[in-house]
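# Observations on the model geometry
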Protein chains: 2
Amino acid sequence: MIAPASQAGSSLQARNAPRPDMADPAPYPLVSRLVGLEATDDAVKALWDDHRESQFHAVWLRDNCACATCRHPATQERTFLLLDAEQPSLRAATILPGGHLEATFADGHTSSFDAGWLRAKAYDAWALAERDQPPVEWAADMEIPRFPFAEVMMGSEGLARWLKGLLETGIAIVTEAPAESGRLFEIVNRVQNPKETNFGTLFEVFSKPKPNSSAYTSLGLEPHADLVNWACPPDFQALFCIENSTGGGRSIFVNAMTVTEALRLQDPEAFTLLSEVPVEFRFQDETCDLRHLAPVVELDRQGRIRRLRFNNWLRNQTCAPVESMAAWYRAYAKLWSLIRDRRYQLRPRLAPGEMVIFDNVRVLHGREAYDANAGRRNLEGCYLDRDWVTSCLRLTDREAAAL
Amino acid sequence: MIAPASQAGSSLQARNAPRPDMADPAPYPLVSRLVGLEATDDAVKALWDDHRESQFHAVWLRDNCACATCRHPATQERTFLLLDAEQPSLRAATILPGGHLEATFADGHTSSFDAGWLRAKAYDAWALAERDQPPVEWAADMEIPRFPFAEVMMGSEGLARWLKGLLETGIAIVTEAPAESGRLFEIVNRVQNPKETNFGTLFEVFSKPKPNSSAYTSLGLEPHADLVNWACPPDFQALFCIENSTGGGRSIFVNAMTVTEALRLQDPEAFTLLSEVPVEFRFQDETCDLRHLAPVVELDRQGRIRRLRFNNWLRNQTCAPVESMAAWYRAYAKLWSLIRDRRYQLRPRLAPGEMVIFDNVRVLHGREAYDANAGRRNLEGCYLDRDWVTSCLRLTDREAAAL
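Residues numbered from 1 in each chain as written. Chains lettered and ligands numbered in written order. Predicted model: local features only at pLDDT ≥ 70, side-chain atom pairs only at ≥ 80, totals over all residues. Heavy atoms only, no water.

Under an unreviewed UniProt entry, the name given to chain A is Gamma-butyrobetaine dioxygenase, and the organism recorded is Limibacillus halophilus. In the Sequence similarities (unreviewed entry) part of its UniProt record, chain A is described as follows: "Belongs to the gamma-BBH/TMLD family." (UniProt positions renumbered as here; feature names shortened; annotations may be inferred.)

### What about the UniProt feature "domain: TauD/TfdA-like" (unreviewed entry) in chain A?
According to UniProt, the "domain: TauD/TfdA-like" (unreviewed entry) feature falls on residues 140–383 of chain A. Between the end C-alpha atoms of residues 140–383 of chain A the distance is 25 Å, and the span holds 25% helix and 30% strand. (Helix = DSSP H or I, 4+ residues; strand = E, 2+ residues; numbered from the N terminus.)

### So, helix H11 (residues 386–402) of chain A
For an α-helix the count is 3.6 residues per turn, leaving residues at separations of three or four pointing the same way. In a regular helix each residue adds 1.5 Å, so 17 residues correspond to 24 Å; H11(A) covers 25 Å between its end C-alpha atoms and thus fits that length. Looking at the packing, one finds that the buried side of H11(A) touches helix H6 (155–169), strand E11 (236–244) and strand E21 (377–384) of chain A together with strand E13 (278–284) and strand E14 (289–295) of chain B. (Expected span 1.5 Å × (residues − 1). Contact = heavy atoms within 4.5 Å.)

### Focus on unusual backbone geometry
Residues and elements named next belong to chain B. Phi at Ala23 takes a positive value of approximately 50°, unusual for a residue other than glycine. The topology assignment puts Ala23 in the loop between helix H1 (12–15) and strand E1 (34–39). One non-glycine residue with positive phi stands out, namely Glu176, at about 60°. One can find Glu176 in the loop between strand E8 (171–175) and helix H7 (183–188).

### Some remarks on the relation of the copies chain B and chain A
Placing chain B over chain A gives an RMSD of 0.0 Å and needs a rotation angle of 180°, together with 0.0 Å of translation along the axis. When the rotation and shift are considered jointly, the pair of chain copies conforms to a two-fold rotation axis. The residues that chain B uses at the interface reappear at the interface of chain A in 100% of cases, marking a shared surface. (Least-squares fit on C-alpha atoms with pLDDT ≥ 70 in both.)

### Comments concerning the interface of chain B and chain A
In this complex, chain B contributes 86 residues to the contact, which on the side of chain A involves 86 residues. Taken together, both faces of the contact between chain B and chain A bury some 7200 Å²; the carbon and sulfur share is 51%. Summed over the shared surface of chain B and chain A, the number is eight salt bridges. Taken together, the links from chain B to chain A amount to 40 residue pairs in polar contact (both at pLDDT 80 or more). Ranked by residues supplied to the side of chain B that touches chain A, first place goes to helix H10 (residues 325–340) of chain B with seven residues. Looking at the side of chain B that touches chain A, its residues break down into 36 nonpolar, 24 polar and 26 charged. (Buried area = accessible area lost by both parts, 1.4 Å probe. Salt bridge = Lys/Arg side-chain N within 4 Å of Asp/Glu carboxyl O. Polar contact = N/O pair within 3.5 Å; in protein donor to acceptor, adjacent residues only side chain to side chain. Nonpolar A, V, L, I, M, F, W, Y, C, P; charged D, E, K, R; others polar.)

### Section: the domain arrangement of chain A
One can read the domain layout of chain A as domain 1 (12–127) and domain 2 (146–397). Between the C-alpha centres of domain 1 of chain A and domain 2 of chain A there is a distance of 42 Å. (Domains from an automatic or database assignment.)

### Structural notes on the pairing of strand E1 (residues 34–39) of chain A
Residues and elements named next belong to chain A. Judged from the five bridges that link them, E1 and strand E2 (residues 43–48) form a sheet pairing that is antiparallel. Residue pairing across strands places Leu37 opposite Ala46, the latter belonging to E2. A loop of three residues connects E1 with E2, the two strands running antiparallel in sequence. (Pairing = 2+ DSSP bridges.)

### Considering the packing of H6(A) against H11(A)
Residue and element names in this part refer to chain A. Following both chains from N to C, one finds H6 and H11 inclined at 140°, their axes separated by 10 Å at the closest point. By the angle class used here, H6 and H11 are oblique. As H6 packs across H11, the resulting crossing turns out to be left-handed. Contacts from Ser156, Leu159, Ala160, Leu163, Lys164 and Leu167 in H6 reach Val389, Thr390, Cys392, Leu393, Thr396 and Glu399 in H11. In terms of residue class, the contact of H6 with H11 is made up of seven nonpolar, three polar and two charged. (Axes fitted to C-alpha atoms, helices over the stretch in contact; angles between N-to-C directions. Parallel < 35°, antiparallel > 145°, perpendicular 65-115°, else oblique. Left-handed = near helix turned anticlockwise from the far one by under 90°.)

See the structure below:
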């Protein structure tokens, strides 16, 4: 039922042949040449020059056709309705001049697929494994990556380096900015407007006479995640240091994944309890009463840690069944002890003009107590969501590819 | 080790005794009188006048002490550090005049607990079951609750009625507002500022010459959830109708929980595949490339449905393993057929001056195609998060209790 696959041309003309339009502005480097095809009615196997093989089902190819009929030419969104089409079946699969794939379906529709795009979208076991990178864990000996303000602010290359470092490590420091109010937003706006929460868009962290949060006192703060009383706490927090002349007030950072995985190893039952028993987290003041019920350790369906809701002052009542309550408290104390363990803690001292940004899902933050009368400690802070960080990084990829 | 429990006084004086300050501005009605206590070192059993019993562990009580030492008097946040305290043990538990609980611990600390507060926080099996209300499911015969604009805008009673209706049903219509631009924000701001997304804070839905989304065409839109390409799509969407004089353009609403539970019953294997295989969802235009990888059916650890990511034009590539891809597409088609089934669909026609607001997690929305030349269809829309809706409702409770 399938026409024989042609071989990819290798003449200069072929290499200059236009790439199929995938209605996708992201760059797709030609990692490896498409050198052969083996097709049946239901699927085509792509053979790559580096000896990898990728299987693409007829239904997947038909569903992902990028022609102007199947994707809206202006919005680039899919308008093809698979449910209204007959069961897709391949009539022919060929390699176009230029080395791209052309598939013709039993209903007569023909689709072209860019070889770089296809390779990036492959869903064979090796391809899925390559794309599934677990987050990096670290402990007290990790050096926080640092990025000069001037490079982050100029062009897309420095911006991309900073965001890649942040996404990989979960924490990064922008250095050598002028130590003045307003610079925080200048940096964060490289990505997007900060996220608004019950603390507003910009919050100033100093010892306030009428605090509505422990952050606005000079108390020491044990490592914690912010806003865990929200269904979706903000993904990143940025803190810009304007002044830090008090004796104490060093920052503390702990990789939440590292300590929680340590608990899983040391005490699987404690880990399970913390991942199953819901706890109410809550913030209340005159203008709001924001509560969320969730376990301290949030796992996905595969048992991977998604989030650690650890915050002693936003933690409200534990809703364990009566028979598990005492055990839950023992489990919580174990986790807490690990978080306090200095072997897991970074304790950098933020200098004026430095902005630390960290992943509020993966990294707990805290501070040592300080004496508000023995100097000044003044930070500006804001939140930002991961969706915008990864989107921004993709835009820098687009820009780099267009050069 | 435990002092005998005193009995609650019932004199006028006792009933006028002040209630313990729980550092909690929410109202806690005295549902039932505390009439007896049975205490050991580790826990106290509260006996209620309605014959219910509640067990409270010593560690839970100590952790939840609301005195000014254990909770910050200004922030009302917990400052007590359980990890630094000795293992809590009860020395005495008594019923105070007024019917509240006083607990004294082995370390000498004494805590008072309001009986209404205690009852609301009970964690016995019956109490947890009472608080665990599954979301309401409905089909085509459901009548969308309607709330007059004037009542929603005036005082906290109408506001509370509207929000309760919305939270219960997942959809509500505010009626009889002036059909003009600006009224959407006036209503939504009763709760909070709308959420900013890549479509801005306010979006206008009409057929645009250069659309960046299918919403901004006159195409029919199958029932879908918005912004499923975000890690946390907005919880609620509000659409205010300014004009709707085209022939078609009726709205469509489908309870996502109802159809997904129907799939679970009819085809458990299809349900499982859709809940396990990750799919990339994506929106791209000149200013962003926002992607999120997640299964179509998101389950929590207990297997309850948390969210349905159903949106044919934001759906990008399915990342099923090769051996499951064909089966995934069959499963997806089954779900899609259920969503198209008219027995599950509400098809109201929004009149000018009506604002529909619905739960973007629980309710899919769509519209019939319309002829942009045969009249005008002009909606204003915005998003809002659940945290703010439930917080606002709690503030109306506070207000009502203060009257």
